[in-house]
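# Observations on the three-dimensional arrangement
For reference, the chains in residue letters:
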Amino acid sequence: MLYPQRNKFRHYIDLSGFWDFRFDPDDKGVGENWRTGFNNSCPIAVPASWNDQFADDRDFLGPAWYQIKFKKPWDRENGKTLIRFGSVNYLSDVWLNGELIGRHEGGHLPFEFDISNKIVSEDNLLVVRVDGRLSDKHVPPSGTPMNYPQTNFDFYPFCGIHRPVLLHTIPKKGLRDITVQTSIKDTTGIIDVTLETNGLNEAYTTLTLKGFGTEIIDTSKIENDIQKMALEVNGAKFWNTESPNLYDLTVDIVKGDFIIDSYSLKVGIRTIEVKDDKLLLNSKPIYLTGFGRHEDFPITGRGYVPALIIKDYSLMKWIGANSFRTSHYPYSEQMMDLADRLGFLVIDEIPAVGLTFGKNVIERQLELCHQYIEELIKRDKNHPSVIMWSLANEPHSSLKSKEFFKELYNKTRALDNTRPITIVHMMAVKDKAFEFCDVLCINRYYGWYMQPGKIDEACEILSKEMDKLYEKHRKPIILSEFGADTIPGWHSQPPEMFSEEYQTEFLRKYIGVCRSKPYVIGEHVWNLCDFKTSQGIMRMGSMNHKGVFTRDRRPKMAAHMLCKIWKK
Ligand code: BDP
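Below you will find a few notes about this structure. Predicted, not measured: the structure shown is a model, and the values here were computed from it.

Moving on to the overall build of the chain. Assigned secondary structure in the chain consists of seven helices and 32 strands. Against the compact-globule benchmark of 24 Å for 568 residues, the chain has a radius of gyration of 24 Å, which places it among compact chains. For the chain, the spread of C-alpha atoms along the three principal axes comes to 75 × 65 × 45 Å. Counting the 568 residues in the chain, one finds 59% classified as buried. Once local pairs closer than 6 in sequence are excluded, the contacts in the chain between residues at least 24 apart make up 70%. Approximately 23100 Å² of the chain is accessible, and the part contributed by carbon and sulfur atoms is 51%. Both charge centroids of the chain, one from 73 positive and one from 75 negative side chains, sit 2 Å from each other.

Listed below in structure tokens is the structure:
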């Protein structure tokens, strides 16, 4: 899926700003035709979650309605016009000028609709109904009354239009998709480019690759809608964490003497593979240091905040992290672009968290997981930073989970055979789906939820368990979560739970265990920052306090300790 771009053939405008908004607690908007416009609205910021923008109604999860008016920003006979949503949580129905143009299920992934035949030149009215109510048929699913809102996952179910809404135009006939895969032979980088076009005849594709003093141009006739081309870069500058070298690739579609479409993207030449018990980046073993994270901030909730993205990357650089997992859903496209640019390795996860495989829900949940992995790979396949797909976080285990993940694993493999696949496993759960992972990711909280207060005992258990897992599966292991809730400014000697000393000791000793095992290829602390979650007796102030930074990004003691170890 090509992100909208501005050039002679493509254009977009961003509809971000203040929209009209109205909660619909009695669910009467559909019956009362709010799709044609509604009154009694209040202003709301888009993009951002709605939950923390107002004085009341924080826990109201929907339905709610958004509307905005706009004029057609261009007049292009040869162009199509589409409306694109970066992320809306959870269910969205979209109307333009009163007519339904589409529906999408699931937050965190983009969707778009062709509105060429519906947009008018003067005032257009875009109306979006968003429903974030929880259900066990959703992915992620609802949970038990132990917490409020009742999630089966540990983060606040923020709702709303979370990422920019773009109105964009593309040529009627032109490029539909580009897939870039890279390989390396000695000092030569090979860039395989697969192009998807629609209905073009008598046209040519020209690829132009520029960067580091190199310019390579290649032209080929378009024979059908899928076209494969390859570029060879001698003495290539490869992409890695220290030197995230990116080339500029431009794809031009040429007909007669004219260019009729063009798209530019960044290309990082790198390889990623699992070999024995190692993860190899450009054939060299790589060790992951970093975090599980969340898109979470006061007031804006899960909304896209550019300055926050910069801040988080700068804190991760400062602390010596080289990687993160997009726990527990895909992050914004802008976050992924910066990972390429700044040299971070990303485990890219679909929003499949808290799966239980219940009889009445399993089929629908599997359908949704198929949809999500397709959407995610379509969106993120060209990022050199993405080194692994994660198919779920902490699914419950049952006989059915094996079939479930077998199917999902095979599907992912078929969509992308260049990246390892993982499933992130929970403590104290049988490993029914471990065989469908190329890398084992495990979340462990001995010394917290189990063996509270006993870090040394916890580390012994962890160490033995890891050895056993490796013996059985012979696959590299990432400790994908470990951490302790910590109240900043709370101190104790000897270290006690919730104190800064306890978190520091806990993380330091867990890291010691990881470093003693040659088959452990990474340590991801839970979490980069404190984050908001549902209310419950386990979560003081409805917050998860396992961040090594606070929610407003101030370091706790443990952050300084990690900085020393990771920067060595
Ligand atoms: C893990 C989950 C994560 C939670 C964490 C915790 O993957 O979402 O936030 O536990 O309890 O099991 O802090």
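Glancing now at the site of the ligand. Within the structure, the ligand sits among 13 residues, and Asp154, His328, Glu394, Tyr449 and Lys546 are positioned closest to it. Expressed as a share of its isolated accessible area of 320 Å², the protein-covered part of the ligand is 90%. In the shell around the ligand, the residues fall into four nonpolar, four polar and five charged.

Now for the packing of helix H3 (residues 362-380) against helix H4 (residues 399-415). The packing of two helices is summarised by the inter-axis angle and the distance between the axes. Contact pair H3 / H4: the axes reach a minimum separation of 10 Å and the direction vectors enclose 20 degrees. On the basis of their axis angle, the class for H3 and H4 is roughly parallel. As for the relative orientation of H3 and H4, their crossing is right-handed in sense. Each of Ile362, Gln365, Leu366, Cys369, His370, Ile373, Glu374 and Ile377 in H3 lies in contact with H4, whose residues at this interface are Lys400, Phe404, Glu407, Leu408, Lys411, Thr412 and Leu415.

Quick look at unusual backbone geometry now. Cis geometry is found at the peptide bond from Ser327 to His328, where omega equals -10 degrees. Within the element layout of this structure, His328 appears in the loop between strand S24 (323-325) and helix H2 (333-342). The step from Trp526 to Asn527 runs through a cis peptide bond, and the omega angle for that step is 15 degrees. Examined against the element boundaries, Asn527 turns out to sit in the loop between strand S30 (520-526) and strand S31 (531-532). One non-glycine residue, Phe357, adopts positive backbone phi at about 65 degrees. With respect to the helices and strands, the residue Phe357 is situated in the loop between strand S25 (345-349) and H3. Using a relative accessible area of 3% as the deciding quantity, one classes Phe357 as buried. Not every positive phi belongs to a glycine, and Glu394 is a case in point at roughly 50 degrees.

It is worth spelling out the state of the cysteines at this point. Taken as a whole and judged by the stated rule, the model has zero disulfides. Cys369 takes part in no disulfide bond, and the closest cysteine sulfur, belonging to Cys437, lies 14 Å away.

Of the strand pairs in this sheet, strand S13 (residues 175-185) and strand S14 (residues 188-197) are connected by ten bridges, and their pairing is antiparallel. Bridge pairing links Gln181 to Asp192 in S14. In this antiparallel pair of consecutive strands, S13 and S14, the connection spans two residues, and Asp186 shows a positive phi of 50 degrees.

Taken in spatial order, the six strands of this open sheet run S3-S2-S4-S10-S7-S8, and their pairing is antiparallel. Each edge of the sheet is formed by a strand with only one pairing partner; in this case those strands are strand S3 (42-46) and strand S8 (99-105). On average, each strand axis in the sheet is tilted by 30 degrees relative to the strand beside it, whichever way the strands run.

Before going further, it helps to examine helix H5 (residues 455-473). Here H5 contains 19 residues, and its C-alpha end-to-end distance of 27 Å stays within 8% of the 27 Å for a straight helix at 1.5 Å per residue. Within the sequence span of H5, burial applies to Ile455, Ala458, Cys459, Leu462, Met466, Leu469, Tyr470 and His473. All buried residues of H5 fall inside an arc of 95 degrees around its axis, so they share one side. Set apart from the buried face of H5 by more than 90 degrees, the exposed residues are Glu460, Lys464, Lys468, Glu471 and Lys472.

About the thresholds
Residues numbered from 1 in each chain as written. Predicted model: local features only at pLDDT ≥ 70, side-chain atom pairs only at ≥ 80, totals over all residues. Heavy atoms only, no water. Helix = DSSP H or I, 4+ residues; strand = E, 2+ residues; numbered from the N terminus. Rg over C-alpha atoms; globule rule 2.2 N^0.38 Å. Buried < 20%, exposed > 50% of the residue type's maximum accessible area, 1.4 Å probe, protein only. Contact = heavy atoms within 4.5 Å. Areas by Shrake-Rupley, 256 points an atom, 1.4 Å probe, with all protein chains shown as cover. Lys, Arg positive; Asp, Glu negative; His and termini not counted. Charge placed at Lys NZ, Arg CZ, Asp CG, Glu CD. Near = heavy atom within 4 Å. Nonpolar A, V, L, I, M, F, W, Y, C, P; charged D, E, K, R; others polar. Axes fitted to C-alpha atoms, helices over the stretch in contact; angles between N-to-C directions. Parallel < 35°, antiparallel > 145°, perpendicular 65-115°, else oblique. Left-handed = near helix turned anticlockwise from the far one by under 90°. Disulfide = S-S within 2.5 Å. Pairing = 2+ DSSP bridges. Expected span 1.5 Å × (residues − 1). Arc of directions from axis to C-beta.

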